Amino acid sequence: MSSLLFEASNFLASGVPQPARNAPGELTTKVNTVLGIAAWAGTAAGVAGVLITGAMMAVSVKRGESSEHMSRLGMVLGGCVLVATAGPLISFVFA
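Residues numbered from 1 in each chain as written. Predicted model: local features only at pLDDT ≥ 70, side-chain atom pairs only at ≥ 80, totals over all residues. Heavy atoms only, no water.

### Some details on the overall build of the protein chain
Then, number 1: The number of helices and strands found in the protein chain is three helices and zero strands.
Then, number 2: Secondary structure of the protein chain in N-to-C order comes out as α-α-α.
Then, number 3: A globule of 95 residues ought to have a C-alpha radius of gyration of about 12 Å, yet the protein chain, at 23 Å, is considerably larger.
Then, number 4: Seen through its principal axes, the protein chain has C-alpha atoms that stretch 65 × 50 × 10 Å. (Helix = DSSP H or I, 4+ residues; strand = E, 2+ residues; numbered from the N terminus. Rg over C-alpha atoms; globule rule 2.2 N^0.38 Å.)

What follows is the structure, encoded as structure tokens:
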């Protein structure tokens, strides 16, 4: 059964066109500049998020309050991982 599916997928995928990548040089440099700025902004936002969450945790401990700061820290760190891996992941998929 699996060999039949393999042959069918090869037959169906054989006619898929493979267009050439010929983006204009000016557009490529502008897009790379915008993506670089967005990456730096995402990194700065991640650092600011970690600092703000840490400050909120310190203030809460000082006041004797218990809050859900660990979940906030988890979301911030998850966002940092997403920002850090977005570029290499897209390069892997489209290169």
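### Some points on the confidence of the model for the protein chain
Then, number 1: Scored by pLDDT, the protein chain has a mean of 83; 98% of the residues are at 70 or more.
Then, number 2: Across the protein chain, element-level confidence peaks in helix 2 (residues 25-63) with a mean pLDDT of 88 and bottoms out in helix 1 (residues 2-13) with 77. (pLDDT = per-residue confidence, 0-100.)

### Some thoughts on helix 3 (residues 69-94)
Then, number 1: Relative to the 38 Å expected for 26 residues at 1.5 Å per residue, helix 3 spans 37 Å between its end C-alpha atoms, a close match to the ideal helical length.
Then, number 2: The largest bend in helix 3 amounts to roughly 40° and is located at A86, with the proline P88 lying one to four residues further along. (Expected span 1.5 Å × (residues − 1). Bend = angle between axes of the 7 residues up to and from the residue.)

### Let's talk about helix 1
Then, number 1: Its 12 residues give helix 1 an end-to-end C-alpha distance of 16 Å, which sits within 8% of 16 Å, the value for a rise of 1.5 Å per residue.
Then, number 2: Within helix 1, only zero of the 12 residues are buried, which leaves the element largely exposed. (Buried < 20%, exposed > 50% of the residue type's maximum accessible area, 1.4 Å probe, protein only.)

### Observations regarding a nonpolar patch on the surface
Then, number 1: Side chains of L89, I90, F92, V93 and F94 sit close together on the surface and give an oily, nonpolar patch of about 570 Å² of accessible area.
Then, number 2: Mapped onto the fold, I90 is located in helix 3. (Patch = residues over 30% accessible without salt bridge, like charges linked within 9 Å, V, L, I, M, F, W, Y side chains within 5 Å. Areas by Shrake-Rupley, 256 points an atom, 1.4 Å probe, with all protein chains shown as cover. Salt bridge = Lys/Arg side-chain N within 4 Å of Asp/Glu carboxyl O.)

### Some thoughts on the side chain of T53
Then, number 1: As for its position among the elements, T53 is in helix 2.
Then, number 2: Residues contacting T53, with those up to four places away along its chain left out, are H69, R72, L73 and V76. (Contact = heavy atoms within 4.5 Å.)

### Some points on the side chain of S60
Then, number 1: As for its position among the elements, S60 is in helix 2.
Then, number 2: On the basis of relative accessible area, S60 is assigned to the buried category, the value being 6%.
Then, number 3: Contacts of S60, omitting those with residues within four sequence positions, involve E65, S67 and H69.

### Things to note about the environment of M70
Then, number 1: With respect to the helices and strands, M70 occurs in helix 3.
Then, number 2: When its relative accessible area of 56% is taken as the criterion, M70 is described as exposed.
Then, number 3: Separated by 10 residues in sequence, M70 and S60 have C-alpha atoms that sit 12 Å apart.

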